[in-house]
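Notes for the structure review
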Amino acid sequence: MPVTEDMETTSIPRQRVVLVTGPAGAGRTTAINALEDLGYEAIDNLPLGLLPRLLSGPPPRRPLALGIDARNRDFSVAAMLELADWLAGLDGVAGDLLYLDCRPDVLLRRYSETRRRHPLAPAETPQDGIAREIDLLAPVRARADILIDSSELTPHELRAEIRHWCAPENGGTLAVSVQSFSYKRGLPPGADLLFDCRFLVNPHWQPELRHRDGTDPEVAAHVRADARYAAFFGRLWDLLGLLLPAYGEEGKAHVTVAFGCTGGRHRSVAAAEDMAAALAEAGWPVSIRHRELERQDDPAAGPAPEGAPAA
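Residues numbered from 1 in each chain as written. Predicted model: local features only at pLDDT ≥ 70, side-chain atom pairs only at ≥ 80, totals over all residues. Heavy atoms only, no water.

1. A closer look at the environment of V176
For the record, the criterion: Only DSSP runs of H or I with at least four residues qualify as helices, and only runs of E with at least two residues qualify as strands; both kinds are numbered from the N terminus onward. For this analysis, residues touch if any pair of their heavy atoms sits within 4.5 Å.
Looking at where V176 falls in the secondary structure, it is placed in strand β6 (residues 175-182). Between the alpha carbons of V176 and V255 there is a distance of 5.0 Å; along the sequence they are 79 residues apart. Beyond its immediate chain neighbours, meaning those up to four positions away, V176 contacts L244, V255, V257, L279, W284, P285, V286 and S287.

Laid out in structure tokens, this is it:
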């Protein structure tokens with residue numbers, strides 16, 4: 001049905017596609033990883049001829065980051081420029097050509113540190129390959145929508161630049177994983193923040209609650225009834241309100257917050273459930289895991305340590 005002036009139209013968000021290129025050693029891999037952490041679907045070393053086919057299918061659910069390398073078998077400057085122009089004129093697509101630049105002396109130093117051969121001069125000196133690639137990519141650099149010089153940037157600073165230019169408009173950045181665990185079974189690997197709940201009143205000593213877990217409303221209510229719980233949770237919430245935005249600004253993509261108690265079934269589970277719910281309500285992307293409850297349901301996990309109470 002044709003659209004008339006009397007009909008209301010709805011604005012449809014355009015598909016974001018970022019082409020990432022630049023001389024070898026300028027930080028393309030770091031940029032691709034940073035874009036992936038921002039929620040992009042990242043594909044590195046994509047042959048240029050496959051991109052139209054990729055975009056001709058169903059619309060991707062996430063923005064796309066495509067690493068283009070001069071070493072690709074079908075790479076040519078003319079094809080690269082034609083592709084960038086094609087993207088710019090494509091309906092429903094917001095295409096950007098991101099070029100990572102770097103001074104030749106810095107590229108040479110990076111090659112000297114890694115002792116790798118330059119891909120465009122495998123039988124010659126790295127200086128020859130660097131000069132050849134910079135000259136080859138000069139028209140691409142001139143066409144770039146986003147130009148980032150990585151010469152003086154640390155990997156952390158480069159990620160911050162990528163975030164500045166390419167962060168999705170919906171702002172989905174830092175993901176938070178909330179976990180519960182038992183100290184008897186050891187600390188969860190990879191946890192960023194650990195909080196000990198063993199000072200709280202233990203539902204294990206209530207016969208009617210002992211064989212339930214912290215996801216049970218009555219068990220959770222028993223934990224919250226501890227006079228110290230509200231102060232503990234409130235101060236922890238204030239702390240996370242400070243830390244999580246700072247982690248996001250620092251470029252971190254994922255933070256794990258872990259709550260522990262003796263058996264990992266009651267107090268830590270209840271606290272983790274409350275925190276995950278509060279974070280989700282505040283708009284943070286949250287996942288939750290109860291390690292000991294998963295092991296309880298997994299016959300291959302083995303029995304609990306000898307003498308370990310249930311919570």
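2. Here's the deal with the sheet that holds strand β8 (residues 254-261)
Test applied: Any two strands with at least two DSSP-identified bridges between them are counted as paired. A fitted line through C-alpha atoms represents every axis, and for helices the fit uses only the stretch in contact; the resulting angles, taken between N-to-C directions, go from 0 to 180 degrees.
Within the open sheet, the four strands sit side by side as β7-β8-β6-β9. Their pairing is parallel. Looking at which strands have only one partner, the edges of the open sheet turn out to be β7 (193-196) and β9 (286-290). Ignoring strand direction, the axes of neighbouring strands in this sheet form an average angle of 15°. Taken together, the four bridges between β7 and β8 define a ladder with parallel strand orientation. Paired with D196 across the two strands is G260, which belongs to β8.

3. A word on the pattern of salt bridges
Rules: One side-chain nitrogen of Lys or Arg within 4 Å of one carboxyl oxygen of Asp or Glu is enough to make a salt bridge. Burial status follows relative accessibility: with a 1.4 Å probe on protein chains alone, a residue under 20% of its type maximum counts as buried, one over 50% as exposed, and anything between as partly exposed.
In total, this model carries 17 salt bridges according to the counting rule given. Between D85 and R143 there is a salt bridge, with its nearest N and O atoms 3.0 Å apart. Highlighted residues: D85 in helix α3 (residues 77-88) and R143 in helix α5 (residues 126-143), separated in sequence by 58 residues. When its relative accessible area of 46% is taken as the criterion, D85 is described as partly exposed. Through salt bridges with shared partners, a single ionic network connects R28, D44 and D69.

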